[in-house]
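A look at the structure
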Amino acid sequence: AAHTGATVEPGLDPPFARRWEVDLGQPASYPVIADGRVFVVARNELDYGTQVYALAASDGRVVWRRSVLGSYYWAGIAYGDGKVFVVSFDGPIHALDAATGAVVWSREHSYWFSSEPTYADGVVYVNGGGSGGALLALDAATGAVRWSSIICCGSHSPPALAGGRLY
């Protein structure tokens, strides 16, 4: 959640060796690894929008896949509370069940998104652009807006948390 680029996960120590490789047919996003799965986003081949994939961490097989609509080939993801949180440029914000890919909740908003969501302590933070921009804090269980704040230039910068502060 602090976006430090560091991890203390057991087993992620050098030297590294490739265990498996998967070709999703299109460019893929950064991985989010949790609960024995690797979650990635890949653009659609012909139409705007993306696909969110859950791959088995053990062998890379596709466990589930979910289409995400949007006006472009981008979506950002975060993980928390057994859910994958997904934002696309102008689509709704989704919470997907990490085990099955089923939609837990989906919320429309009047902002566009170009930065990934951030999850911490039962809250999903998203930075929306558009008319002035806004930072939204959503309840991870329901998608309800806990609070929002108008900010300048809310694009291309995921919220980061450190020392009890949100940046």
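The preceding data block contains the structure.
Figured I'd write up the structure that's included with this text. (Residues numbered from 1 in each chain as written. Predicted model: local features only at pLDDT ≥ 70, side-chain atom pairs only at ≥ 80, totals over all residues. Heavy atoms only, no water.)

**Considerations on the side chain of Ser-88**
In plain terms, the rule: Helix and strand definitions follow DSSP, with helices as H or I runs of at least four residues and strands as E runs of at least two, each counted in order from the N terminus. Pairing of N or O atoms within 3.5 Å defines a polar contact, subject to two protein rules: one partner must be a possible hydrogen donor and the other a possible acceptor, and residues neighboring in sequence count only if both atoms are side-chain atoms. Two residues form a contact once any of their heavy atoms are found within 4.5 Å.
Structurally, Ser-88 can be placed in strand 6 (residues 83-88). Engagement of the side chain of Ser-88 in a polar contact is seen with the backbone oxygen of Leu-69, the distance being 2.9 Å. When residues no more than four places from it in sequence are discounted, the contact partners of Ser-88 are Val-68, Leu-69, Gly-70, Trp-74, Ala-75 and Phe-113.

**Concerning the pattern of salt bridges**
Quick note on the threshold: Salt bridge, as applied in this entry: a Lys or Arg side-chain nitrogen positioned within 4 Å of an Asp or Glu carboxyl oxygen. For each residue, the accessible area found with a 1.4 Å probe, counting protein chains only, is set against the maximum for its type, and the residue is called buried under 20%, exposed over 50%, and partly exposed in between.
Counting across every chain of the model gives three salt bridges. Taking the shortest distance from any N to any O, the salt bridge between Glu-21 and Arg-18 comes out at 2.8 Å. The pair formed by Glu-21 and Arg-18 is uniform in burial state, with each residue classed as exposed. Between Arg-146 and Asp-139 there is a salt bridge whose closest N-O contact spans 2.9 Å. With relative accessibility at 16%, the residue Asp-139 sits in the buried group.

**A few points about the sheet that holds strand 3 (residues 50-56)**
Adjacent strands of a sheet form backbone hydrogen bonds with each other and so pair up, either parallel or antiparallel. Worth spelling out the cut-off: Here, a strand pair is defined by DSSP locating no fewer than two bridges between the strands. Lines fitted to the C-alpha atoms define the axes, with helices restricted to the stretch that makes contact. Angles between their N-to-C directions range from 0 to 180 degrees.
Pairing in this open sheet of four strands is antiparallel, and the strands run 1-2-3-4 from one edge to the other. Sheet topology places strand 1 (32-34) and strand 4 (62-68) at the edges, where each strand pairs with a single neighbour. With strand direction ignored, the average angle separating the axes of adjacent strands in the sheet is 20°. As defined by bridge partners, strand 1 adjoins strand 2 (residues 37-43) across three bridges and the pair is classed as antiparallel.

**Some details on the sheet that holds strand 5 (residues 75-80)**
Taken in spatial order, the four strands make up an open sheet running 5-6-7-8, and their pairing is antiparallel. Two strands in the sheet have a free side with no partner beyond their single neighbour: strand 5 and strand 8 (103-107). Averaged over all neighbouring strand pairs, the angle between strand axes comes to 15°, with direction disregarded. Where strand 7 (residues 93-97) lies against strand 8, four bridges are found, and the strand directions are antiparallel. Within strand 8, the position partnered with Ala-95 by the bridge is Trp-105.

By themselves, these observations are geometric and do not establish any function.
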